[in-house]
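Each chain, written out:
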Amino acid sequence: MTNKHLHLLGFAAAGMLMIGTGAYAAVKLQGAGATFPGAIYSKWFDEFQKPKDAPQINYNPIGSGGGIRQLTAGTVDFGASDMPMSDEAIKAVKKYHVLHFPTVLGGVVPTYNVEGVTGDLNFTGPLLADIFSGKVAKWNDPAIAKVNAGVKLPSKDITLVHRSDGSGTTFVFTDYLSSVSPEWKSKIGAGATVNWPGGLGAKGSEGVAGQVQGTPNSISYVELFYAIQNKMPYGAVQNKSGKFLKASLETVTAAAAGAAQAMPEDFRVSIVNAPGANAYPISTFTWLLIPDKFEDAQKKKAVVDFLRWMLVKGQTYASALSYAPLPKEVVAKEEKQIAKIQ
Amino acid sequence: MATTSAAPAPSHGRAHSFLGRLRNGDEAAHLITLMFACSVLAIALLLIYELWIHSSLSRRQFGFHFFFTQVWDPIAGQFGALPFIYGTLVTSILALVIAVPLGLGAAIYLAELAPARLSNVLTFLVELLAAVPSVIYGLLAFFSLVPILRNYVEPFLKSTLGFLPIFQGPIYGVGFLAAGLILAIMTFPFIISICREALLEVPREQREAALALGATKWESTWQVVVPYAKLGIMGSVFLGLARALGETMAVTMVIGNDPRIKASLFAPGYTIAAVIANEFTEATGDLYLNSLIELGLVLFLITMIINAGARLLIIATTKKGSARD
């Protein structure tokens, strides 16, 4: 009996020692949130913690909604989201104020599979809204033909495909449709999941891609980086200056630069339909959600160091992973916001 | 659980005999296994409690309308479960309609008719099929079943049986029919496996008696062995149904995920398990989350009603069986 007790005590003591030394060796930060920037975040955290004694950052891509919930509950040190938090959501976080730091940019592109069409198709914002609300139901509708002169469009029904899982991609796309179509705004609105007027729901970007490829005469939307990496066909969208633009990393960054002048102090801004001749209209920031107060001085230092690194060195990793880097106007503004972290 | 904490308390004499029995081992085994059994109850109750508590907002807001509303609009804050209940029931019933005759037929062959070696090989394969993860079935369905349905099966059904409302409307490949089929494929091994066990447990005398009375092999199987194994066969059906009701991954990949009630089996639909898996991670706002959790409660309720129904059915039919004896 006594022997057993001693053993138990020994184990307990060893356990405490291990926990104790772990906390001293390095700072550990835990984050959770958006899946869209998951690839670049894991690259960043990997590179950032390479030097010896660098803070360890663990990021869990569970979705924007989940990230905000965990941050509100205080179970993570920082969150990440593809859509800015609402005023009520920020108020719900009692312990501190949440700061938004844009990290990279993403674009959303219309992708399609139309019989006999091999080239790029052109879309205007209101046309996309009419297609996705079912008003324009055939591919050879005059509204589509008008902006695609010379393309032979089939007289076939359009099959709509959308994301079935809640997603930042859907938020950006419906945010754009709401900004160009008052009818879309009042009837459907913008969100991670919306009440689609019809069509098929597919799970994840890979589900959407598979569904579009497998369904003749279908149309959907995917993230730009997904379309680039999988060499999917995608269309050009007319921007605010009336120019038909195919999304690229440059045109998405240009959208952020175009919106930079009117950028609010807290960075909670939608940059769909941004001004600028070269600005791609369906673009968005993705944000890190950082508390403005840290009780642990080491954690605070780790977060500040990371943000500084992310805004300079981190941005150079973006293009290789098909994310659009921040324009320098935004980087300069964000560096000022870092001072707000206490 | 209460028994264990109260156990050391009783008076000295009783404690002594209790210790005596404890030393025997019987009492200890009894208590420990009782605790394990209670954990089943505890988990079930905890599940209901959690689902009930975390769905309070939507229960208060929508009340019983939740069951009858067809709108699911997270932006407007309108949530109704009807299309999901419909989709869950339609796909599960479709799965059983296909899988039960197939499974029972296969089980009869394996248990009664097949040569032993063939039976062993096939049984091994059935068990292998039952162990395949559902996402594999989902991928299989998405990449092979759906194109076959879209290009051959559904156009054929539409042209031959198109006068029936269940075979009308546009063809996408994905939809109720695809989901029902993949669920049938997934429940099929369970049904074979359990039916086969049930048939094998029928005493040999039953068969011999039937044969002695002049029945053919098939008559003895269909009129004596199968009715004798009725309980096990029904058990397999309800286990298959439980799997179909709760299946998530494979269904969401092929059902089309559109919360609408349509008569056509070609139309896209949605199930309770699929919508929870799809929308839970990005759900913002308390009412939205509460509604998703209430959907979980609804699924629990459906499973409970079906299980209770199964019990009643079994009780009713066994009574009839014994009366005939």
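Keep in mind that what you see is a predicted model, and the values were worked out from it rather than measured.

Chemist: Which residues make up the overall build of chain A, and what values do they have?
Modeler: Along its length, chain A carries 13 helices and eleven strands. Considering only C-alpha atoms, chain A reaches an extent of 85 × 50 × 35 Å along its principal axes. Looking at the 342 residues of chain A, the share that counts as buried comes to 49%. The contacts of chain A with a sequence gap of at least 6 include a subset with a gap of at least 24, amounting to 73%.

Chemist: Any details on the overall build of chain B? Residues and values, ideally.
Modeler: Tallying secondary structure elements over chain B gives 15 helices and two strands in all. Here chain B, with 325 residues, has 36% of them falling under the buried criterion. When contacts within chain B are restricted to residue pairs at least 6 apart in sequence, long-range pairs at least 24 apart make up 76% of them.

Chemist: Got a sec to walk through helix H12 (residues 297-312) of chain A? Specific residues and values, please.
Modeler: Residues separated by three or four positions in an α-helix point in the same direction, a consequence of the helix having 3.6 residues per turn. Residue and element names in this part refer to chain A. The end-to-end C-alpha distance of H12, which contains 16 residues, comes to 23 Å, matching closely the 22 Å that a straight helix rising 1.5 Å per residue would cover. Within H12, the full set of buried residues consists of Ala302, Val303, Phe306, Leu307, Met310 and Leu311. Take H12 and look down its axis: the buried residues cluster within an arc of 155°, on one side only. Exposed side of H12, more than 90 degrees from the buried face: Ala297 and Val312 are the residues found there.

Chemist: Please give an account of the pairing of strand E6 (residues 159-163) of chain A that cites residues and values.
Modeler: Residues and elements named next belong to chain A. The element E6 is extensively covered by neighbouring structure, given that five of its five residues are classed as buried. Across two bridges, the pairing between E6 and strand E8 (residues 218-223) is parallel. Opposite Thr159, over in E8, you have Ser218 as the bridge partner. Examined bridge by bridge, E6 and strand E7 (residues 200-202) share three bridges and lie parallel to one another. Each bridged residue has a counterpart across the sheet, and for Val161 the counterpart in E7 is Leu200.

Chemist: Tell me what's going on with the sheet that holds strand E5 (residues 122-123) of chain A, and back it up with residues and numbers.
Modeler: Taking strand neighbours across the sheet as the criterion, the three strands line up as E5-E9-E10 (chain A) in an open arrangement whose pairing is mixed. Bordering the open sheet on either side are E5 and strand E10 (244-245) of chain A, each of which pairs with just one other strand.

Chemist: Now, about the packing of helix H9 (residues 176-200) of chain B against helix H12 (residues 230-246) of chain B: what can you tell me, with residues and values included?
Modeler: Each packed pair of helices is defined by two parameters, the angle between the axes and the distance between the axes. Residue and element names in this part refer to chain B. Axis separation between H9 and H12 bottoms out at 8 Å; the angle between their running directions is 155°. Between H9 and H12, the angle is such that the two are roughly antiparallel. Considering how the two elements wind past one another, H9 and H12 form a crossing that is right-handed. In contact with Leu183, Met186, Thr187, Phe190, Ile191, Ile194, Cys195, Glu197 and Ala198 of H9, H12 contributes Gly232, Ile233, Gly235, Ser236, Val237, Leu239, Gly240, Arg243 and Ala244. Among the residues forming the contact of H9 with H12, the class breakdown is eleven nonpolar, five polar and two charged.

Chemist: Quick one: what's the story with the nonpolar core, residue by residue and with numbers?
Modeler: Residue and element names in this part refer to chain B. With 173 residues, the main nonpolar core has Ala141, Ala178, Ile182 and Val254 as its most contacted residues. If you tally residues by element for this core, the top one is H9, at 18 residues. Once residues within four sequence positions are removed from consideration, Ala178 is found in contact with Ala141, Leu145, Val146, Leu149, Gly173, Val254 and Ile255.

Chemist: Tell me what's going on with unusual backbone geometry, and back it up with residues and numbers.
Modeler: Even without being a glycine, Asn217 of chain A presents a positive backbone phi close to 65°. With respect to the helices and strands, the residue Asn217 of chain A is situated in the loop between helix H9 (204-214) and E8. Exposure remark for Asn217 of chain A: the 18 C-beta atoms within 10 Å place this residue in the partly exposed category. Residue Asn257 of chain B is not a glycine yet carries a positive backbone phi of 50°. Position of Asn257 of chain B among the secondary structure elements: in the loop between helix H13 (249-254) and helix H14 (272-279).

Chemist: Talk me through the confidence of the model for chain B; I want residue IDs and the actual numbers.
Modeler: Residues and elements named next belong to chain B. Put simply, chain B has an average pLDDT of 88, and 91% of its residues get 70 or more. Within chain B, helix H1 (residues 2-6) has the poorest average pLDDT of any element, 44, and helix H6 (residues 82-113) the best, 95. A low-confidence stretch, residues 1-11 stays under pLDDT 50, and its non-local contacts, those more than four residues away or across chains, total nine contacts.

Chemist: So what about the pairing of strand E3 (residues 78-81) of chain A? Which residues, and what values?
Modeler: All names here are of chain A. Side chains Phe78 and Ala80 project from E3 onto one buried face, and the interleaved Gly79 and Ser81 project onto a second face that is buried too. As defined by bridge partners, strand E1 (residues 28-33) adjoins E3 across three bridges and the pair is classed as parallel. Bridge pairing in E3 places Gly31 opposite Phe78. For E3 and strand E11 (residues 283-291), the ladder comprises three bridges, and the chain directions are antiparallel. Bridge pairing in E11 places Gly79 opposite Leu289.

Chemist: How would you sum up the sheet that holds E7 of chain A? Please name residues and give values.
Modeler: Residue and element names in this part refer to chain A. Here we have eight strands laid out as an open sheet, ordered E2-E1-E3-E11-E4-E8-E6-E7, and mixed in their pairing. Each edge of the sheet is formed by a strand with only one pairing partner; in this case those strands are strand E2 (56-60) and E7. The mean inter-strand angle of the sheet, taken between neighbouring strand axes irrespective of direction, is 25°. The sheet contact formed by E1 and E2 spans five bridges and is parallel. Each residue of the ladder has a partner; that of Gly31, found in E2, is Tyr59. Seen against the sheet, H12 touches E1, E2, E3, strand E4 (98-113) and E11 and runs at an angle of roughly 60° to E1.

Chemist: Just give me the short version of the environment of Gly258 of chain A, but keep the residues and values in it.
Modeler: Residues and elements named next belong to chain A. Counting through the fold element by element, Gly258 comes out in helix H11 (residues 249-260). For Gly258, a count of 24 C-beta atoms within 10 Å gives the class buried. With 15 residues separating them along the chain, Gly258 and Asn273 place their C-alpha atoms 9.7 Å apart.

Chemist: So what's going on with the interface of chain A and chain B? Which residues, and what values?
Modeler: The parts lose accessible area when they come together, and the size of an interface is often stated as this lost area. Residue-level contacts link 27 residues of chain A with 24 residues of chain B. Those elements that place two or more of their residues in the side of chain A that touches chain B are helix H3 (64-73), E7 and H9 of chain A. Of the residues assigned to the side of chain A that touches chain B, the class counts are five nonpolar, 19 polar and three charged.

Chemist: Lay out the environment of Pro170 of chain B with the relevant residues and their values.
Modeler: Tracing the chain through its elements places Pro170 of chain B in the loop between helix H8 (134-161) and H9. C-alpha of Pro170 of chain B to C-alpha of Ser264 of chain B: the two residues are 94 residues apart in sequence and 9.2 Å apart in space.

Criteria and cut-off values
Residues numbered from 1 in each chain as written. Chains lettered and ligands numbered in written order. Predicted model: local features only at pLDDT ≥ 70, side-chain atom pairs only at ≥ 80, totals over all residues. Helix = DSSP H or I, 4+ residues; strand = E, 2+ residues; numbered from the N terminus. Buried ≥ 20, exposed ≤ 12 C-beta atoms within 10 Å, placed from the backbone. Contact = placed C-beta atoms within 7 Å. Expected span 1.5 Å × (residues − 1). Arc of directions from axis to C-beta. Pairing = 2+ DSSP bridges. Axes fitted to C-alpha atoms, helices over the stretch in contact; angles between N-to-C directions. Parallel < 35°, antiparallel > 145°, perpendicular 65-115°, else oblique. Left-handed = near helix turned anticlockwise from the far one by under 90°. Nonpolar A, V, L, I, M, F, W, Y, C, P; charged D, E, K, R; others polar. Core = buried A, V, L, I, M, F, W, Y, C linked by C-beta atoms within 7 Å. pLDDT = per-residue confidence, 0-100.

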